[in-house]
Amino acid sequence: MKYLARTPLLILFIHAFLFAQQPYVVHNVAVIDLENGSILENRDVTIDGSRITKIKPVVVDLTEEQNVVNGTNKFLIPGLRDMHTHSINTYLYDQFLQLMIANGVVGFRDTWGNLELAESIRQEMRDGQRPSMIFQVAGNLVDGKPPIWPGANVASDSAAAVTIVDSLTEAGAEFIKVYSRLSSKSFYALAKRAGERGIRFMGHIPGMVKVADASNAGMHSIEHLTGILRATSQYEDSIFVLQAKANGFWARWDLESARAVQKKITRLGISGFSREKAITVFELLKENQTWQVPTLVTNRAYAYMNDSTLTNDPRRSYLNKGVTQTWDVKNNNFLASRSPESWQIERDKYQAELKLVGLMHEVGVPLLAGTDPPNPWCFPGFSLHDEMGLLVSAGLTPLAALQTATLNPALFNNAADSLGLIKPNYRADLLLLNANPLEDIANTREIEAVIAGGELLTRDRLDAMLSRIFALNSKKSIHIEMVRILRGGTLEQALAFYDSVKTHSTGQYDLLESELNRLGYFLLSRERADEAIV
């Protein structure tokens, strides 16, 4: 689906500049109160600078007045926040941020980002060079040995875990992300030190740590439902024995054996479900305020990546081809070898996770909406609407699903006195919708305008952003072509092709420096380091 701009860009930016310089009114709009789901009809909402200053019933018709946004037959909700992204550790960060804004996502939490880049982006926002967004960044994640991701901080023991906490805190990380291969000793040492330094930690439940123990240790949020399936299984103790065995295989890079054990673990997690045990665990999570970020949209993708009903998604046209080509199963060495039985196990797991989220909501476990781009079939901005839809499928009401992306993030960040609701003196992060999202959660996509920190972005301007990104990503990836050459030829041949295209290109190829950087990573992955640094 391609969006086309309807107004010249210069006019769009002048219009936005004028609105940013003086107060304006969203006139005769229905304001949705996300604390209780009530609707205040026929309201005038005044915005001055970055704040909402007044909300009052309509007295006179202001439709023809200057500095007025017509809200007749429209609905106003707080702006959305994606609580699990990877937007500030990628060369495509600018496109990711624009895609979020264009979809009404005015804030986010980056769970593995570049701290220096984050500060640079914040400065651009302060200077008015891009729409203002409130976000938090973790810095580099913390894993055990061997780490799943190259370049991660490795806490090989308790002392290393303490040192890493100190280093991240002093570098300006706003929270710490823990990962799957941390040993239990390193995890608890990290948790203790984080408490001493006054910094939150969140992330994956490590393989040898129980969910209840992690919650009691002060873990602030659990991502992707990691550990939840085994925590709600009557076979939890047996699962831990198998996990220790799997960890040994991973450490020796015996991938086939490790995956076979992980398959058994998943089966035991699903078949051993105990509602009584689940409720006990969920009551503890509720009491400790250990938030859950299910990222159902990503969990679903990994279960259905070989299903064309998921993968025939036209929104892939808004992302760089170098990203989306990695989403195809045939390009993923691990997934390409999955048996039909393994695919079915993953789908059974996802369906079990949907039911677990529904039960969490029933018990009162606090939930946050997060997506996890650029994981497969997870689109910056777009997929937060998908996530809310999946939460409704899991058993949440549209109101509760909306809260996971608005009010709940504010509560999570201790900012509910200024974010997440529409009230005087609150930050003006708002969505103007053409339909009521309380009736159908899909109506969050019916965006007429986005207001980010008081800045009005009309439908024309949002369409122009989307149109530019669509055009950028319509170009061919020079990286893909060069990799094709390298598979059967030499680096010299690939570079000669690049030079030829650069000299004679008519604009059909993406020639950004990042394309060459990605080629370097490809060579490194093939143990061709001498060529990668040419």
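Reference entry: report on the structure contained in this document.

Cut-offs used in this document
- Residues numbered from 1 in each chain as written.
- Predicted model: local features only at pLDDT ≥ 70, side-chain atom pairs only at ≥ 80, totals over all residues.
- Heavy atoms only, no water.
- Helix = DSSP H or I, 4+ residues; strand = E, 2+ residues; numbered from the N terminus.
- Rg over C-alpha atoms; globule rule 2.2 N^0.38 Å.
- Areas by Shrake-Rupley, 256 points an atom, 1.4 Å probe, with all protein chains shown as cover.
- Lys, Arg positive; Asp, Glu negative; His and termini not counted.
- Charge placed at Lys NZ, Arg CZ, Asp CG, Glu CD.
- Axes fitted to C-alpha atoms, helices over the stretch in contact; angles between N-to-C directions.
- Parallel < 35°, antiparallel > 145°, perpendicular 65-115°, else oblique.
- Contact = heavy atoms within 4.5 Å.
- Pairing = 2+ DSSP bridges.
- Phe/Tyr/Trp six-rings, centres within 6.5 Å; stacked < 30°, edge-to-face > 60°.
- Buried < 20%, exposed > 50% of the residue type's maximum accessible area, 1.4 Å probe, protein only.
- Expected span 1.5 Å × (residues − 1).
- Left-handed = near helix turned anticlockwise from the far one by under 90°.
- Right-handed = clockwise from strand over helix to strand, strands pointing away.

1. Here's the deal with the overall build of the protein
Within the protein, the regular secondary structure consists of 23 helices and 19 strands. Since a compact globule built from 534 residues should have a radius of gyration of about 24 Å, the 24 Å found for the protein is in line with a globular shape. Structurally, the protein occupies a C-alpha span of about 75 × 65 × 45 Å along its principal axes. As presented, the protein carries roughly 23000 Å² of accessible surface, and 51% of it is formed by carbon and sulfur atoms. Put simply, the protein has 54 plus and 59 minus side-chain charges, and the middle of one group is 4 Å from the middle of the other.

2. What about the packing of helix 11 (residues 296-304) against helix 16 (residues 382-393)?
Between helix 11 and helix 16, the least distance of the axes is 8 Å, while the angle of their chain directions is 85 degrees. With respect to helix 16, the axis of helix 11 lies roughly perpendicular. Seen from helix 11, the contacting residues are Leu296, Val297 and Arg300; seen from helix 16, they are Ser383, Asp386, Glu387, Leu390 and Leu391.

3. Some points on the sheet that holds strand 7 (residues 105-110)
The three strands lie next to each other as 6-7-8, forming an open sheet whose pairing is parallel. The strands lining the two open edges of the sheet, one partner per strand, are strand 6 (80-85) and strand 8 (134-137). Each strand axis lies, on average, 15 degrees off the axis of its neighbour in the sheet, ignoring direction. Relative to strand 8, strand 7 runs parallel, the two sharing four bridges. For Arg109, the partnering residue across the bridge sits in strand 8 and is Gln136.

4. Observations regarding the packing of aromatic side chains
In the structure shown here, the tally under the stated rule is eleven aromatic pairs. Aromatic pair Phe108 and Phe135: ring centres 4.8 Å apart, planes at 5 degrees, arrangement stacked. Here the residue Phe108 occupies a position in strand 7, and Phe135 occupies one in strand 8, the gap between them amounting to 27 residues. Neither Phe108 nor Phe135 differs from the other in exposure class; each is buried. Among the aromatic residues, those joined into a ring-pair cluster are Phe187, Tyr188 and Phe201.

5. Structural notes on helix 5 (residues 184-197)
Between its terminal C-alpha atoms helix 5 stretches 20 Å, which fits the 20 Å expected from 14 residues at 1.5 Å a residue. Turning to helix 5, the residues buried within the fold contact strand 9 (142-143), helix 4 (158-171), strand 11 (176-178), strand 12 (201-203) and helix 6 (211-216). Where helix 5 terminates, the next one or two residues include Gly198, which has phi positive at roughly 70 degrees.

6. Some thoughts on the packing of helix 4 against helix 5
As a packed pair, helix 4 and helix 5 sit with axes 8 Å apart at the nearest point and diverge in direction by 35 degrees. Handedness of the helix 4/helix 5 crossing: right-handed. Where helix 4 abuts helix 5, its residues Ser158, Ala161, Val162, Val165, Asp166, Thr169 and Glu170 lie against Lys185, Ser186, Ala189, Leu190, Arg193, Ala194 and Arg197.

7. Here we look at unusual backbone geometry
Between Lys145 and the following residue, Pro146, the backbone shows a cis peptide bond with an omega angle of 0 degrees. Pro374 follows Pro373 through a cis peptide bond whose omega is 5 degrees. Its location among the elements puts Pro374 in the loop between helix 15 (340-363) and helix 16. Even without being glycine, Trp253 reaches a positive phi, approximately 60 degrees. Looking at where Trp253 falls in the secondary structure, it is placed in the loop between helix 8 (236-251) and helix 9 (255-271). Phi angles above zero are rare outside glycine, and Gln289 is one such case at about 55 degrees. Within the secondary structure, Gln289 is located in the loop between helix 10 (275-288) and strand 14 (291-293). Here Gln289 falls in the partly exposed class, since its relative accessible area comes to 37%.

8. Regarding the environment of Thr397
Here Thr397 lies in the loop between helix 16 and helix 17 (398-404). Look at Thr397 and you get partly exposed, because its relative accessible area is 42%. Sequence spacing of Thr397 and Lys54 is 343 residues, and the spatial spacing of their C-alpha atoms is 29 Å.

9. Topic: helix 16
Residue pairs three or four apart in sequence face the same way in an α-helix, which turns once every 3.6 residues. With twelve residues, helix 16 should cover 16 Å at 1.5 Å per step; its first-to-last C-alpha distance of 17 Å lies within 8% of that length. Listed as buried for helix 16 are Phe382, Ser383, Leu384, His385, Asp386, Glu387, Met388, Leu390 and Leu391. Within two residues after helix 16, Gly395 carries a phi angle of roughly 125 degrees, on the positive side.

10. Brief notes about the pairing of strand 3 (residues 51-57)
Of the strand pairs in this sheet, strand 2 (residues 39-48) and strand 3 are connected by six bridges, and their pairing is antiparallel. Bridge pairing links Ile47 to Ile52 in strand 3.

11. Structural notes on the pairing of strand 7
Strand 7 sits mainly inside the fold: six of its six residues count as buried. Each parallel crossover has a hand, and the one from strand 6 via helix 2 (residues 93-102) to strand 7 is right-handed. Note on the crossover from strand 7 through helix 3 (residues 115-126) to strand 8: the handedness is right-handed.

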